[in-house]
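As a plain string of letters, each chain reads:
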Amino acid sequence: MSLTAGIVGLPNVGKSTLFNAITKKNILAANYPFATIDPNVGVVTVPDKRVEVLENMYTPERTIPTTYEFTDIAGLVKGASNGEGLGNKFLSHIREVDAVVEVVRCFEDENIIHVDGNVDPIRDIEVINVELVLSDLEIVDSRINKIGKKAMTTKNKDDIKEIELLERIKKALEENIPVRKLGLDDEEKKIISSFNLITLKPIIYALNVGEDEVTTGNEYTKKVIEYAQKEESETVIICAKLESELSELNDDEKNEFLKELGINESGLDSLIHKTYKLLGLATFFTVGTDEVRAWTFRKGMKAPECAGIIHSDFERGFIKAEVMSYDDLIAAGSELKVRENGKFRIEGKEYIMQDGDICHFRFNV
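Residues numbered from 1 in each chain as written. Predicted model: local features only at pLDDT ≥ 70, side-chain atom pairs only at ≥ 80, totals over all residues. Heavy atoms only, no water.

**A few points about empty space enclosed by the protein**
Alright, step 1. Within this structure, the stated rule accounts for one cavity of 30 Å³ or more.
Alright, step 2. Considered as a void within the structure, the largest cavity measures approximately 40 Å³ in volume.
Alright, step 3. Forming the boundary of the largest cavity are L10, V13, E102, V103, V104, D124, I125 and I128.
Alright, step 4. When contributions to the lining of the largest cavity are tallied by element, the ones reaching two or more residues are β5 (99–105) and α4 (121–154).
Alright, step 5. The residue inventory of the lining of the largest cavity, partitioned by class, reads six nonpolar, no polar and two charged. (1 Å grid on protein atoms, 1.4 Å probe; cavity = no way out; pocket = protein on both sides within 12 Å on 5 of 7 lines; lining within 4 Å. Points joined across faces, edges and corners; volume = space filled by probe spheres on them. Helix = DSSP H or I, 4+ residues; strand = E, 2+ residues; numbered from the N terminus. Nonpolar A, V, L, I, M, F, W, Y, C, P; charged D, E, K, R; others polar.)

Okay, structure coming up:
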């Protein structure tokens, strides 16, 4: 399943440097606003040691880890919702992502220009967030104006329900409250799904610091972490410059370098894992001598839906899922031992898939 996290931020906060490190691509990164004009998409491998363990156990012809996309979106400036900078072009791109990674400058460097003249991460966050709110408000207002009179005239229940919801959202946005804070239920989210409201998307703040502050943070990161906690958002401290250097190393060199720095996990790996978690994603596996593969699914999905991620025929003709957990396999040492231990299960259409499930789907079409 295709899922995308969009990397956003003001110009010169380290967005493109971070994106380069994530995808190991040489995307234009320059010390001036709008160096990145068109969104750049990179496919990211989700770090998962379980894949390597399964590969060693089954020695398949090929191994395919689970992935999702990061999109690097052009720098935003104050007034974007009114067309400043790249304006609505930026905002249209960000509507297409599933989650927002907002890179926040938390470092001092006189050689890198700040668009507002000085470093103030809370101000920067609020500049972006206000623009996102204003952009959503414009869409909501437009929809209310379009169907408001019709709803009052026809008394159509669906139209009335939509108008009431939009009025509630409008009130929140006017108070600078993002839609994700309203606790909308699944039915309400479905009503507004076609609008792709940006402030409904989950957000994670990537706090870009200097190399000597990656393990400790600084006064700027403390302020942002406190800010994020109040709005129940995630944060990760990262040094984009360091990650760019790490991306040039092989796995052994990278691990040795991290060990020297006293870090267990790179900032990028932490960002990927937190974004994965933020999107409510998990992983199931299919294994065999031909292929070991990790598949991304949304938590709460049932077995037939997950089968459909592999192929639509699998969901359409779903019969059952043969399932064992990764932990049970490792504890037993082999698939045969899992069966002997009674840990191999047959699950039906109502089974809710769990992270780490190893599955073989039976179907008939």
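**Let's talk about unusual backbone geometry**
Alright, step 1. Even without being a glycine, N12 presents a positive backbone phi close to 65°.
Alright, step 2. Mapping N12 onto the fold places it in the loop between β1 (4–8) and α1 (15–23).
Alright, step 3. On the basis of relative accessible area, N12 is assigned to the buried category, the value being 13%.
Alright, step 4. Unlike most non-glycine residues, N176 shows phi in positive territory, near 65°.
Alright, step 5. Mapped onto the fold, N176 is located in the loop between α5 (157–174) and α6 (186–191). (Buried < 20%, exposed > 50% of the residue type's maximum accessible area, 1.4 Å probe, protein only.)

**Considerations on the layout of surface pockets**
Alright, step 1. Approximately 1300 Å³ is the volume found for the largest pocket.
Alright, step 2. If you list the elements that add at least two residues to the lining of the largest pocket, you get α1, β2 (40–45), α2 (49–58), α8 (240–246), α9 (251–261), α10 (267–278) and β8 (281–286).
Alright, step 3. The leading source of residues in the lining of the largest pocket is α10, at six residues.
Alright, step 4. Along the lines of polarity and charge, the residues of the lining of the largest pocket split into 16 nonpolar, nine polar and 14 charged.
Alright, step 5. For the second largest pocket, the calculated volume is near 840 Å³.
Alright, step 6. Lining the second largest pocket are 27 residues; nearest its centre among them are D98, K189, L200, K201 and P202.
Alright, step 7. Top contributing element to the lining of the second largest pocket by residue count: α6, with three residues.
Alright, step 8. By residue class, the composition of the lining of the second largest pocket is 10 nonpolar, five polar and 12 charged.

**Some details on the pairing of strand β7 (residues 234–238)**
Alright, step 1. Sheet topology places strand β6 (residues 203–208) next to β7; five bridges connect them, and they run parallel. Across the sheet, A206 pairs through a bridge with V236, a residue of β7.
Alright, step 2. Considered for its hand, the β-α-β crossover made up of β6, helix α7 (residues 219–230) and β7 is right-handed. (Pairing = 2+ DSSP bridges. Right-handed = clockwise from strand over helix to strand, strands pointing away.)

**Here we look at the environment of T215**
Alright, step 1. Of note, T215 is situated in the loop between β6 and α7.
Alright, step 2. In the structure, T215 is positioned 52 residues away from G267 in sequence and 9.8 Å away in space, judged by C-alpha atoms.
Alright, step 3. Not counting the four nearest positions on each side in its chain, T215 is found in contact with L261 and I263. (Contact = heavy atoms within 4.5 Å.)

**Notes on the sheet that holds β2**
Pairing between the strands of a sheet is mediated by backbone hydrogen bonds and can be parallel or antiparallel.
Alright, step 1. In spatial order, the strands read β2-β4-β1-β5-β6-β7; together these six strands make up an open sheet with mixed pairing. The open sheet has two free edges, formed respectively by β2 and β7, since each of these has just one partner strand. In this sheet, neighbouring strand axes are inclined to one another by 25° on average, regardless of whether the strands run parallel or antiparallel.
Alright, step 2. The pairing of β2 with strand β4 (residues 67–72) spans six bridges and is antiparallel. Bridge pairing in β4 links T45 to T67.
Alright, step 3. Of the strands in this sheet, β1, β2, β4, β5 and β7 touch α1, which is tilted by about 155° from β4.
Alright, step 4. Contacting β5 and β6, α4 runs over the sheet at an angle of about 145° to β5. (Axes fitted to C-alpha atoms, helices over the stretch in contact; angles between N-to-C directions.)

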